[in-house]
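Geometric and topological summary
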Amino acid sequence: LHFTGGLLVLVPMPDFSMPFNVVALSSTAMTFFFGGFFRITAAGRVPHWVLKKEGYDKRKRGIAWVVQRLLLVGMLCGAYTLVVSSDEEITELGGSLPADAHFVVESLLSLKAQLEPIFKMFKLV
């Protein structure tokens, strides 16, 4: 009996580890699916029990939190001021800047054009 190289197909020979491989891969796939599903639906935004700090009080926030909030309020006030100012006022600002800083006025006008629809959407202007 003689076989040529192109007609010979070697199939994997079953052994006793194949059922284990199937069970391991199937349970891994199910774990990833149900773990992600559980994390999204049931877990919520509760911190893990290991990460909880004893005696943590939300009212006692650090100086970094206060600085963050002040910077956020400052940026929002600056954006509102930019939107309510006219293009002529922003262009006049360019006169008081050095000659090589003309890009600042262009950037402010571009930023104003991007912020105006957002402020109009929330009816702030």
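Let me begin by describing the structure that accompanies this report. (Residues numbered from 1 in each chain as written. Predicted model: local features only at pLDDT ≥ 70, side-chain atom pairs only at ≥ 80, totals over all residues. Heavy atoms only, no water.)

Some words on the nonpolar core
Let me state the cut-off plainly: Here, the term nonpolar core denotes a set of buried Ala, Val, Leu, Ile, Met, Phe, Trp, Tyr and Cys residues that are joined through side-chain atoms within 4.5 Å. Buried means the residue's accessible area, taken with a 1.4 Å probe over protein chains only, is under 20% of the maximum for its type, while exposed means over 50%, and partly exposed covers the values in between. Strands are runs of DSSP state E lasting at least 2 residues, helices are runs of H or I lasting at least 4, and numbering of each runs from the N terminus. Contacts are assigned to residue pairs with any non-hydrogen atoms lying within 4.5 Å of each other.
Residues Ala-79, Leu-82, Val-83, Ile-90, Val-105, Leu-115 and Phe-119 constitute the largest nonpolar core, which totals seven residues. Put simply, the parts of the chain that give this core at least two residues each are α2 (63-84) and α4 (102-121). Sequence-distant contacts of Val-83, defined by excluding residues within four places in its chain, comprise Lys-112, Leu-115, Glu-116, Phe-119 and Val-125.

Comments concerning a nonpolar patch on the surface
Where we set the bar: A patch is a set of surface residues, each over 30% in relative accessible area and not in a salt bridge, joined within 9 Å for like charges and within 5 Å for the nonpolar side chains Val, Leu, Ile, Met, Phe, Trp and Tyr. Using a 1.4 Å probe, the Shrake-Rupley method yields the accessible areas, and only the shown protein chains count as cover for residues. The salt bridge definition used is simple: a Lys or Arg side-chain nitrogen within 4 Å of an Asp or Glu carboxyl oxygen.
The grouping of Tyr-80, Val-84, Ile-118, Met-121, Phe-122, Leu-124 and Val-125 at the surface amounts to a nonpolar patch, some 710 Å² of accessible area in total. Elements supplying a minimum of two residues to the nonpolar patch: α2 and α4. Looking at the element boundaries, Met-121 is found in helix α4.

So, the packing of α2 against α4
Cut-off, in case you're wondering: What counts as an axis is a line fitted to C-alpha atoms, over the stretch in contact for a helix, and the angles between N-to-C directions run from 0 to 180 degrees. Here is the rule for angles: anything less than 35 degrees is roughly parallel, anything more than 145 is roughly antiparallel, 65 through 115 is roughly perpendicular, and the remaining ranges are oblique.
Interhelical geometry of α2 versus α4 gives an angle of 95° and a closest axis separation of 9 Å. Here α4 runs roughly perpendicular to α2, going by the angle between their axes. The residues of α4 that touch α2, namely those facing Ala-79, Tyr-80, Leu-82 and Val-83, are Leu-108, Leu-111, Lys-112, Leu-115, Glu-116 and Phe-119.

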